[in-house]
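Observations on chain architecture
These are the residues of each chain, in order.
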Amino acid sequence: RGSKQDEAGDKRSELNMEGALTARDRVGVQDFVLLDSHTSETAFLDNLRKRYRENLIYTYIGTLLVSVNPYKELGIYSVKQMEIYQGVNFFELPPHIYAIADNAYRVMCTEYNNHFILISGESGAGKTEASKKILQYFAVTCPTTEQLQIVRDRLLLSNPVLEAFGNAKTLRNDNSSRFGKYMDIQFDFKGAPVGGHILSYLIEKSRVVHQNQGERNFHIFYQLLESGEEDLLRWLGLEPAPQKYMYLIQGRCAKVSSINDKSDWKTVRKALSVIDFTDTNIEHLFGVIASVLHLGNIQYEEDSNGHAIITNGSQIKWLSKVSPLGRRSFHSDLEAGIEGTSPLNIDLAFCARDAAAKAIYGRTFTWLVNKINGSLANKDLTRKTVIGLLDIYGFEVFDTNSFEQFCINYCNEKLQQLLIEMTLKAEQEEYELEGIEWEPIPYFNNKIICDLVEEKHKGIISILDEECLRPGEATDLSFLEKLEEKVGDHAHFLTRKLADQKTRKSIDWVDFRLLHYAGEVTYCVVGECGLDNKPVLCKSKNGIIKECFLPLELDNRRRPETVATQFKNSLVSLIEILMSKEPSYIRCIKPNEGKEPGKFDDVLIRHQVKYLGLMEHLRVRRAGFAYRRKYEVFLQRYKSLCPATWPHWHGSASEGVERLIKHIGYKPEEYKLGRTKIFIRFPRTLFATEDAFEYSKHLLVTRIQAKYKGCLGKREYKKQRKAAIKLEACWRGVLARKEAKKRMWAVETIRKFIKGFINRKNPICPENDEFVRFVQYTYLTKLKDHVPKSVLDQNWLKAPATLEETSELLKKICMRNLVRKYCQGITAEKKAQLQQKVIASAIFRGKKDGYVQSINQPFADTRLSETDINPKVLQLIRGEKVKYVTPVVKYDRKGFKARERQLVLTQSAAYVVEMAKIKQKIDYATLKGISTSNLSDGLLVVHVPEDSKQKGDAILHCEHIFETVTKLCMLANKQNAVSIVQGSLQFHVSPGKEGTITFTSGQEPQIYKAKNGHLTVVRPSSRTRVLTFSQR
Ligand SMILES: Nc1ncnc2c1ncn2[C@@H]1O[C@H](COP(=O)(O)OP(=O)(O)OP(=O)(O)O)[C@@H](O)[C@H]1O
Ligand SMILES: [Mg+2]
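What you see is a predicted model, and the numbers here were worked out from it, not measured in a lab. (Residues numbered from 1 in each chain as written. Chains lettered and ligands numbered in written order. Predicted model: local features only at pLDDT ≥ 70, side-chain atom pairs only at ≥ 80, totals over all residues. Heavy atoms only, no water.)

**Re the UniProt feature "binding site: ATP" (unreviewed entry) in the chain**
Under the UniProt annotation, the feature "binding site: ATP" (unreviewed entry) is placed at G121, E122, S123, G124, A125, G126, K127 and T128. Mapped onto the elements, E122 comes out in the loop between β3 (115–121) and α6 (127–141). We classify E122 as buried; its relative accessible area is 11%. What E122 contacts, discounting residues up to four positions off in sequence, is K127, R172, G394, F395, C588, K590 and Q608. Relative to the helices and strands, T128 is located in helix α6. Setting aside chain neighbours within four positions, we find T128 in contact with E163, S177 and D391. (UniProt positions renumbered as here; feature names shortened; annotations may be inferred. Helix = DSSP H or I, 4+ residues; strand = E, 2+ residues; numbered from the N terminus. Buried < 20%, exposed > 50% of the residue type's maximum accessible area, 1.4 Å probe, protein only. Contact = heavy atoms within 4.5 Å.)

**A word on unusual backbone geometry**
Of the consecutive residues W646 and P647, the connecting peptide bond is found in the cis state with omega at -5 degrees. Take P647: it is sitting in the loop between α27 (631–638) and α28 (653–664). The phi dihedral of L202 falls on the positive side, at around 45 degrees, and the residue is not glycine. In this structure, L202 sits in the loop between β7 (193–201) and α8 (206–209).

**Some points on the pairing of strand β10 (residues 385–393)**
On any regular strand, side chains alternate: one points to one face of the sheet, the next to the other face. Taking burial as the measure, the nine residues of β10 include nine buried ones, the bulk of the element. Pairing geometry for β3 and β10, over seven bridges, is parallel. From the neighbouring strand, F116 faces β10, where its bridge partner is G388. Note that strand β6 (residues 180–187) and β10 share seven bridges and pair antiparallel. Counterpart to I185 in the pairing with β10 is I387. (Pairing = 2+ DSSP bridges.)

**As for the sheet that holds strand β18 (residues 882–891)**
Read across the open sheet, the eight strands follow the order β21-β20-β19-β18-β24-β23-β22-β25; overall the sheet is mixed. Looking along the sheet, the strands with just one partner apiece sit at the ends: β21 (917–923) and β25 (978–981). Shown here is a sheet whose adjacent strand axes are inclined to one another by a mean of 30 degrees, direction ignored. By the bridge criterion, nine bridges tie β18 to strand β19 (residues 898–906) in an arrangement that is antiparallel. If you follow Y891 over to β19, its bridge partner there is A898. (Axes fitted to C-alpha atoms, helices over the stretch in contact; angles between N-to-C directions.)

**Focus: the pattern of salt bridges**
The tally for this structure, following the rule as stated, stands at 49 salt bridges. Two residues, R234 and E230, come together in a salt bridge whose shortest N-O distance is 3.6 Å. With R234 and E230 both in helix α10 (residues 230–236), this residue pair falls four residues apart, about one helical turn. Grouping residues by exposure puts R234 and E230 together as exposed. Ionic pairing is found between K486 and E466, a salt bridge with its closest N-O pair at 3.8 Å. Separated by 20 residues along the polypeptide, K486 in helix α20 (residues 476–487) and E466 in helix α19 (residues 460–469) bring together distant segments of the chain. The network of salt bridges with shared partners includes E427, E430, R621, R628 and K677. (Salt bridge = Lys/Arg side-chain N within 4 Å of Asp/Glu carboxyl O.)

**Considering the environment of T906**
You can see T906 is positioned in strand β19. On the accessibility criterion, T906 (0% relative accessible area) is buried. Counting along the chain gives 18 residues from T906 to Y924, while the straight-line C-alpha distance between them is 9.6 Å. Ignoring anything within four residues of it in the chain, the contact list for T906 reads I877, E880, K881, V882, K883, Y911, Y924 and L971.

**Quick notes on the coordination of the magnesium ion (ligand 2)**
At the metal site, the magnesium ion (ligand 2) is ligated by T128 (OG1) and S177 (OG), and these contacts range over 1.8 to 2.0 Å. Note that T128 is positioned in helix α6 and S177 in strand β5 (residues 176–177), a separation of 49 residues in sequence. (Donors = N, O, S within 2.8 Å, 3.2 Å for Na, K, Ca; no water.)

**A look at the site of ligand 1**
Inspection of the region around ligand 1 gives 17 residues, with S123, K127, T128, S176 and S177 positioned closest. One of the backbone N or O atoms of G124 is found 2.7 Å from an oxygen atom in ligand 1. Coverage of ligand 1 by the protein chains reaches 86% of its 630 Å² of free accessible surface. For the shell around ligand 1, the secondary-structure elements that each account for two or more residues are α6 and β5. Element by element, the count of residues in the shell around ligand 1 is highest for α6, at three residues. Grouping the constituent residues of the shell around ligand 1 by class yields four nonpolar, nine polar and four charged. (Near = heavy atom within 4 Å. Polar contact = N/O pair within 3.5 Å; in protein donor to acceptor, adjacent residues only side chain to side chain. Areas by Shrake-Rupley, 256 points an atom, 1.4 Å probe, with all protein chains shown as cover. Nonpolar A, V, L, I, M, F, W, Y, C, P; charged D, E, K, R; others polar.)

**Section: helix α32 (residues 828–844)**
With 17 residues, α32 extends 24 Å from end C-alpha to end C-alpha; this agrees with the ideal 24 Å at 1.5 Å per step. For α32, the secondary structure elements touched by its buried residues are α33 (851–855), β22 (929–933), α35 (961–972) and β25. Where α32 ends, the next residue or the one after it, G846, has phi of about 75 degrees, a positive value. (Expected span 1.5 Å × (residues − 1).)

**Some remarks on a positive patch on the surface**
Taken together, the side chains of R703, K707, K714 and K718 make up a positively charged region of the molecular surface. Of note, K718 is situated in helix α29 (residues 683–758). (Patch = residues over 30% accessible without salt bridge, like charges linked within 9 Å, V, L, I, M, F, W, Y side chains within 5 Å. Lys, Arg positive; Asp, Glu negative; His and termini not counted. Charge placed at Lys NZ, Arg CZ, Asp CG, Glu CD.)

**Comments concerning the environment of G895**
Relative to the elements of secondary structure, G895 occurs in the loop between β18 and β19. Using a relative accessible area of 38% as the deciding quantity, one classes G895 as partly exposed. It is 9.7 Å that separates the C-alpha atoms of G895 and H1014, two residues lying 119 residues apart in sequence.

**Re the sheet that holds strand β15 (residues 627–630)**
Taken in spatial order, the three strands line up as β15-β17-β16 in an open sheet, and their pairing is antiparallel. Across the chains shown, the open sheet's two edge strands, defined by having one partner strand only, are β15 and β16 (671–673). Pairs of neighbouring strands in the sheet enclose a mean axial angle of 15 degrees, with direction left out of account. For β15 and strand β17 (residues 677–680), the ladder comprises four bridges, and the chain directions are antiparallel. Across the sheet, residue K630 finds its bridge partner in β17, namely K677. In the packing of α27 onto the sheet, contacts are made with β15, β16 and β17, and the angle to β15 comes to roughly 95 degrees. Contacting β16 and β17, α28 crosses the sheet at an angle of about 160 degrees to β16.

Right, here's the structure in full:
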């Protein structure tokens, strides 16, 4: 129930009554008291129309509900809807019949008093539907027990039975109630429905014997014939064909599409069993129905005396069977008429027959109601409260209005009086309760009309009684005369005779006109013939008929009551019943004559608004204040309009409202403050407030949204923050664990390294294994980057002890590789050069100064070309290939005179050449040796053998000493012939004679003949220079 209530609560705020004010231009106001021009019938109609167009069929006038028949299913009567309206303050939701029902129920429960809901309106306006909706509402929403379920079913099922017997198709309504009904629903102290009681009024008996074109008799006849079980029909002597029965064929519409006699029959049969009908009861009941049909088929013909005699006995036969009372007696009674003595003429005989049928049916209906009451009665004596539902015909006006209309309109007159009085009373009570000064409200009091009808001895009914019961011939006209005589001067009474010239035409000689509160109605006094069949019916063996026609009635001493008086009395007691209860009102309006959904017939509705006294009611309600609400409710809705009351007011609600309206600026004449409610006089004041509220709502919404979004944002932020912190913590944990692991690993590694280092020299074992491998790995990877790039680079990374051998091997491989690569890159010339250099190295390396500096200077092929040699010389050495030529300085062996010469080396000999002359030829074969000093000078001595043919050793000085000596050695193939001397050397001057050459270091280079006769060669000391150079 909880969630349902929440849901209902949500719906409620959505549908809030004042909430709909914003859409009032489209859907009108939900309460007519909020109409600005409340006296304007047009404004009233406009409002009704607007709402009707939007399918809003309900509108309030204060607490009165106006309902317009939608003639279509609106889907507003679901159980969900019932839940929405359950236990909700009357004004909190849009108008609905459930609100009326719930309000009555709630007040009944809390105040423990009795209520009634008066439903009125013209035929087809929706009264019966409304009363059914209310009954369903109670059935669904009231607490119940399994035991009470039976009562509930009976309450609900009493309706179809009563409708079958009391409703008929008329031109205005396919299911028209042809009787007035007042139904009490009894509730125990817990609010559970425990019983009921029904009063019926004025069943339209004439329908039993006569129907207008397009109308039907009561539904039950057709239901029985259409769907009655074969056995039953056979027993009743009926045929399943309505067209065979005189009482059913006059309207010529036994079948109607909107009525399903078959299923209705089933419902009725089921209902009868639920409502405690015994088989005998049912047998008798249908016996009565069959009797009526048989009666209708009785035909008379005139005998020779002009008396009516029955032509065919078969009906009588059946009559005797189904409501047995002795064939003969009944037969003659029907022929005899009223007193059962004097014979009747044919017209009166028909009349008597019809009267019998009507009486039987009418009383059976009353019996039926009583029977239902018996089953609904609650027998325990605890105190109960009741809600009465009065479904009664509204004001009726036809072209010709008979006595029946008179009764109906009189009834409405009374009810109107009740309504006005009770409304006024309620208003006054509310004012008193709220401590507001009572302002008398002017209104039309229709007591004067009620008196005209009902006053003892002076009223129309009394006059009618008198006239009917007076001995002697009573005619309709004598009754009219009597009326003129007694009430002729009454302001609301008129006959043709009393009327002025103008109105006279509209009143017939047999008419009288009453000015009802709702308008003028002209009644025709042509009455009914009053034949009495009671004697014969008292003798019936049909239980129901016997019960209905008690012999007591035949007692002549009792003055019988006329129908009018009976009705008046029942009305008086009804009014008494109602007066003792709290009222609620529902006024039903029929929107059009065609039963069409959506059609709003202005003329027809204006007429009903008038006859239902709605304008008058509105006037009374609006005379004081248009709007009233409990302080709490008013404050709750509008508190946002005043900064002092928004969002919370901490004082009392009344003070809050006072503060609020002061802020809004209500004028003193616009409102009154009661004890618990604020009263607002004009709708426009409320509308202005509502409009302001509507405007402020937008601002409020933005603020609330902002706040809410803020809250959401904050919540989200907190969530994210929490998540981030958690994440951070986790991540830090991960990092820390990683770090710890790393450190552990580091410690382990360091420890291993230390151990490895300590044991590094041991053979590979678990202690040093890793360390050694690491060292090896590191060395090798490092070595990769430090491999020598050239053959001359002697650097080599020092290897750890364990890799020394490997390192050596690697170094060798590397060197070999470098050398191989170097060799691959060497050209033929270069190779030749290098071969010469190798030889030069073998000769001079470490022996003669200046050699190191000379290494980088490549040897030339020759210093002079062949063209520089004198051709004569070339001629002379023809046949020998010149290999090398260089300019030299030759020193005489004796005087050491220096002379410029060319040294020409061929493949077989060396020539010292002066211009065109070969000064000396030295065959390589004879070459004894070559001498140079260890200093950096360019002097060389070529030694030859000491024989006479030879001239002696040649002393030469050349620029490129290393090159020249190397070439000479190579050509002579005498590398070992070179001697490098220190200090001095001896040379061979001539056979047997030797000379000396001294080599010294000095400042300046010079070659000269010293005093001692030696050739002295001075060279600046190159060692220091070399040193300086190498140092640099
Ligand atoms: N609230 C409603 N929703 C839908 N249809 C309705 C409603 N009220 C009445 N009707 C339709 O109008 C028809 C006539 O209604 P209802 O029998 O209640 O009229 P009534 O006022 O009781 O007339 P009468 O005085 O002839 O008995 C119904 O049969 C139904 O079709
Ligand atoms: Mg009805």
